[in-house]
Amino acid sequence: MPSRILVSTLVVIITGLMGTSVSATDVMQQETTGNSNNTETPPIVTPAAQRAMALLDKAVEHIQRDGAEAVGDFANQARFTDNELYVYALDMDGVFLASGGSSAVLVGDNVKSTADMYGKLFFQDMIAQARVTGGGVVEYHWTNPVDSSGEPKRTFFKRVGDVIVAVGYHPQRAVAYQAKGFLDEATKALITDEQKAFNAFNRHDSQFVKNDLYVFVLDKRTGEFLAHGATPHLVGKVFSIQGKPMIGEMLKLAEETGRGEISYPWLNPTSGKVENKHTFFRILDNKLVGVGFYQR
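Residue indices follow the written sequence of each chain, beginning from 1 at its first position. Totals for whole chains, interfaces and linings use every residue, but because this is a predicted model, local features are given only for residues with pLDDT of at least 70 and side-chain atom pairs only at 80 or more, for both listing and counting. Side-chain numbers come from the whole structure's heavy atoms, not from hydrogens or water.

Student: Pulling in residues and values, what's your account of the layout of surface pockets?
Tutor: Empty pockets left among the atoms are what a rolling probe the size of a water molecule brings to light. As defined here, a cavity is a set of points on a 1 Å grid over the protein atoms alone where a 1.4 Å probe fits but cannot get out. A pocket is an open set with protein on both sides within 12 Å along at least five of seven lines, and residues line them when an atom is within 4 Å of a point. Grid points are joined across faces, edges and corners, and a volume is the space filled by probe spheres set on the points. Taken as a whole, the largest pocket spans an internal volume of roughly 300 Å³. What lines the largest pocket is a set of 18 residues, and nearest its centre among them are Glu-139, His-141, Pro-152, Arg-173 and Glu-275. Contributions of two or more residues to the lining of the largest pocket are made by strand 7 (135-144) and strand 8 (149-160). Under the grouping applied here, Gly and all other residues not named as nonpolar or charged are polar, the nonpolar ones being Ala, Val, Leu, Ile, Met, Phe, Trp, Tyr, Cys and Pro and the charged ones Asp, Glu, Lys and Arg. Split into classes, the residues belonging to the lining of the largest pocket amount to 5 nonpolar, 5 polar and 8 charged. The secondary structure listing takes helices from DSSP runs of H or I that are at least 4 residues long and strands from runs of E that are at least 2 residues long, numbered from the N terminus.

Put into structure tokens, the structure is as follows:
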């Protein structure tokens, strides 16, 4: 275990080599496409998100072709489900029209005042976004049909006439032991073939980017990013906290064992939001290799 653990609530700032800097929120804005309601498309689209978007596209095409009365098909045709994923629909007044999943109990109800387990009126948010932009993304806490637990759910939706068609999924989140295992794999890869490892670290489609887990590497001497799995354009920039390079504090934490851990706010590439990240890292020659997980 490291001799000290820094748990910081400071705002993280990435400082460029030419003296320019961007906040973690700026990084998010550069990596995502926002709208007037601050819903974001994350820089890393996970397999679950891809499946949800594909199912939504299929459902939207169905309503565009066959009309609003075809929403009932979402409840009784297997092609509108994909394992735990299902389609549901409501109208612009908030009346729940159909569902191929657990929310079928809401059919016929006006759900405008329906809240999630934390009181969020997410259906109201969906309707408001649909009126302005014709679709978007909303997040809320809903029962996961796989294990019946209340978990964060991210839902893509699109307006077709007076119908809102939606498909949601429960984003997977890594935990501490997975981040540590990922760090071990990244270290072995660097020792085996450094250039091949760097190439893989900087690609979203490699084995070193999995949901919200990714590898980053810092130059031990300068604090510059040598690799960053979620945002490769950060390579060559210095990682700093409130203008102070982060590398110094990280090296202090690792001075006794060559390893350390640190917490800071950072963009979650799968949610598009700044969240608290806890990172495990180790020193390898003139490099610092890190992998973190996002804490709920």
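Student: So what's going on with the confidence of the model for the chain? Residues and values would help.
Tutor: A residue-level look at the chain finds 82% of positions with pLDDT of 70 or above and a mean pLDDT of 83. The model gives residues 1-41 a pLDDT under 50, and that stretch makes 104 contacts with residues more than four places away or in other chains. Summary of the metric used: pLDDT quantifies the predictor's per-residue confidence within the range 0 to 100. Whether two residues touch is decided by their heavy atoms; if any such pair falls within 4.5 Å, the residues are in contact.

Student: Describe the nonpolar core, with residues and values.
Tutor: Residues grouped as a nonpolar core are buried Ala, Val, Leu, Ile, Met, Phe, Trp, Tyr and Cys residues, joined through side-chain atoms within 4.5 Å. Relative accessible area decides the class of each residue, using a 1.4 Å probe on protein chains only: under 20% of the type maximum gives buried, over 50% gives exposed, and in between gives partly exposed. Ranked by internal contacts, the top residues of the largest apolar core, which has 23 residues, are Ile-63, Val-71, Phe-74, Val-87, Phe-156, Val-165 and Tyr-169. Listed by contribution, the elements that provide at least two residues to this core are helix 2 (47-66), strand 5 (85-91), strand 8 and strand 9 (163-169). Among the elements that make up this core, the one with the highest residue count is helix 2 (8 residues). If you look at the next biggest cluster of nonpolar residues, it comprises 21 residues, including Ala-174, Ala-179, Leu-190 and Ala-227.

Student: Tell me what's going on with the pattern of salt bridges, and back it up with residues and numbers.
Tutor: We define a salt bridge as a side-chain nitrogen of Lys or Arg found within 4 Å of a carboxyl oxygen belonging to Asp or Glu. Applying the stated criterion across every chain, the model contains 11 salt bridges. One salt bridge connects Glu-139 with Arg-154, and the closest N-O pair in it is separated by 2.3 Å. Note that Glu-139 is positioned in strand 7 and Arg-154 in strand 8, a separation of 15 residues in sequence. Its relative accessible area of 2% is what places Arg-154 among the buried residues. Put simply, Arg-221 and Asp-219 hold a salt bridge, and the shortest N to O gap is 3.2 Å.

Student: Please set out the packing of helix 5 (residues 176-192) against helix 6 (residues 194-201) residue by residue, giving values where relevant.
Tutor: Running from N to C, helix 5 and helix 6 point in directions that differ by 140°, and their axes come no closer than 5 Å. With respect to helix 6, the axis of helix 5 lies oblique. Here helix 5 contributes Ala-186, Ala-189, Leu-190 and Thr-192 to the contact with helix 6, which in turn contributes Glu-194, Ala-197, Phe-198 and Phe-201. Grouping the amino acids of the contact of helix 5 with helix 6 by side-chain chemistry returns 6 nonpolar, 1 polar and 1 charged. For helices, the fitted line uses only the C-alpha atoms of the stretch in contact; every axis is such a line through C-alpha atoms, and the angle between N-to-C directions lies from 0 to 180 degrees. The scheme is simple: roughly parallel for angles under 35 degrees, roughly antiparallel for over 145, roughly perpendicular for 65 to 115, oblique for anything else.

Student: Just give me the short version of helix 6, but keep the residues and values in it.
Tutor: Of all the positions in helix 6, only Ala-197, Phe-198, Ala-200 and Phe-201 are classed as buried. Mapping the buried residues of helix 6 onto a view down its axis gives an arc of 165°, with all of them on the same face. Turned more than 90 degrees away from the buried face of helix 6 sit Gln-195 and Lys-196, all of them exposed. Of the surrounding secondary structure, the elements contacted by the buried residues of helix 6 are helix 5, strand 10 (209-210), strand 11 (213-219), strand 12 (225-228) and strand 17 (287-294). Within this analysis, the arc is defined by the directions that extend from the helix axis to the C-beta atoms.

Student: Talk me through the packing of aromatic side chains; I want residue IDs and the actual numbers.
Tutor: Paired rings are identified among Phe, Tyr and Trp, the last through its six-membered ring, by centres lying within 6.5 Å, and are further divided according to the angle between planes into stacked (under 30 degrees), edge-to-face (over 60) and tilted (the rest). Under the definition given, this model contains 17 aromatic pairs. Both rings, one in Phe-239 and one in Tyr-264, keep their centres 5.6 Å apart while their planes meet at 75°; by these two values the pair is edge-to-face. A residue pair is termed long-range when its members are at least 10 positions apart, and Phe-239 in strand 13 (residues 238-241) and Tyr-264 in strand 15 (residues 259-268) qualify at 25 residues. Its relative accessible area of 2% is what places Phe-239 among the buried residues.

Student: Hey, could you go over the pairing of strand 9 for me, with residue numbers and the actual values?
Tutor: Strand 9 sits mainly inside the fold: 7 of its 7 residues count as buried. What you see with strand 9 is no split at all: Val-163, Val-165, Val-167 and Tyr-169 on one side and Ile-164, Ala-166 and Gly-168 on the other are buried throughout. Here, any two strands with at least 2 DSSP bridges between them count as paired. Bridge analysis of strand 5 against strand 9 gives 5 bridges, and the strand direction is antiparallel. When the bridges of strand 9 are listed, Val-87 appears paired with Val-167.

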